[in-house]
Amino acid sequence: ALVLSKFISVATPFFYKAAVDVLGGLADGPGWTLALGAVGLTVAYGLARVMTVGFQQLRDVVFARVGQRALRQLALETFRHIHALSLRYHITRKTGGLSRIIERGVKGVDFLLRFLLFSIGPLVLELVLIGIVLWVAFDLWYLVVVAVTIWLYTWFTFRVTEWRVKIRKEMNDQDTDANQKAIDSLLNFETVKYFSAETREAARYDGAMARYESAAVRTNNSLAFLNFGQALLITAGLVVVMVMAAVGVQRDTLTVGDFVMVNAYMIQITMPLNFLGTVYREIRQALVDMGEMFDLLE
């Protein structure tokens, strides 16, 4: 279902191009475009888009049982393991931090499975297919511009995301610390009251939340920088390719439909690439969260 959705997605702009050319009165187009006509080609374009989404949803339906069963088995294994640990461990445990580690670790496994299979793999397949189409249907230079744009975009995204992961990890650590202080303090309510330590406990909790606040603000600011840099790079690539296509139309080596198809492919590339930073960051974060849980299992 995943592969079919990508093949149909890459073929969809061809129907768009053919419809534009027929509407533009190009009588020397392929026979199938003339037979279908502008209305037929537009309907075919719509059907192709629906089929792309349909196969993507079918993929999710098939995978849902796999993902949920994996989560259930992992959660059960962790739960049994914690019960099998020694009394000494449980006496010195930090309940608040422990619950967060398990929760984030189990969610991290689901996220890693889903995004590696359904984001990174399909993205690579789609980029390769679009690259082949641009080379064959247009010119090698279109492929070169797109490849350079994607390389710069990916390099920038990964470098900035590596920087952001450190900030995100610090934010998670402070979140765990604050949660641990709050829950442990509430679990030991009688002791806190006995020593009149409410003010001290509130100060400890507020200190942890202040550190979390600082890390969260830096995370948000770095995300704004990442988004702007990505938009700048992908827009530059889009403009260069569109200018090349516009020159081709002026020289009568390309049709208006070709110009539209190039634009459609660039937009098609842009959409999954926009999520690359998020996917990469979340995969890294999922690995960190899973690492904490596996440390617990060890």
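All of these numbers come straight from a predicted model, not from anything done at the bench. (Residues numbered from 1 in each chain as written. Predicted model: local features only at pLDDT ≥ 70, side-chain atom pairs only at ≥ 80, totals over all residues. Heavy atoms only, no water.)

(A) Main features of the overall build of the chain. A count of helices and strands for the chain gives nine helices and zero strands. If you list the helices and strands of the chain from N to C, you get α-α-α-α-α-α-α-α-α. At 26 Å, the chain has a C-alpha radius of gyration far larger than the 19 Å of a compact globule built from 298 residues. Taken over 298 residues, the chain has a buried fraction of 39%. Put simply, 84% of the contacts in the chain that link residues at least 6 apart link residues at least 24 apart. When the accessible surface of the chain is totalled, it reaches about 17,100 Å², and 67% of it is carbon and sulfur. Between the centroid of the 29 positive side chains of the chain and the centroid of its 26 negative side chains there is a distance of 4 Å. (Helix = DSSP H or I, 4+ residues; strand = E, 2+ residues; numbered from the N terminus. Rg over C-alpha atoms; globule rule 2.2 N^0.38 Å. Buried < 20%, exposed > 50% of the residue type's maximum accessible area, 1.4 Å probe, protein only. Contact = heavy atoms within 4.5 Å. Areas by Shrake-Rupley, 256 points an atom, 1.4 Å probe, with all protein chains shown as cover. Lys, Arg positive; Asp, Glu negative; His and termini not counted. Charge placed at Lys NZ, Arg CZ, Asp CG, Glu CD.)

(B) Structural detail: the packing of aromatic side chains. Enumeration over the complete set of coordinates arrives at four aromatic pairs. Look at tyrosine 194 and phenylalanine 195: their rings are 5.1 Å apart centre to centre, the planes differ by 85°, and that puts the pair in the edge-to-face class. Neither residue differs from the other here; tyrosine 194 and phenylalanine 195 are each classed as exposed. (Phe/Tyr/Trp six-rings, centres within 6.5 Å; stacked < 30°, edge-to-face > 60°.)

(C) Main features of unusual backbone geometry. Notably, serine 196 is not glycine yet its phi reads approximately 50°, a positive angle. In this fold, serine 196 is placed in the loop between helix 6 (189-194) and helix 7 (198-250). What makes serine 196 exposed here is its relative accessible area of 56%. In the Ramachandran plot, aspartate 252 falls in the positive-phi region, its phi being about 65° despite a non-glycine side chain. With respect to the element layout, aspartate 252 can be found in the loop between helix 7 and helix 8 (256-274).

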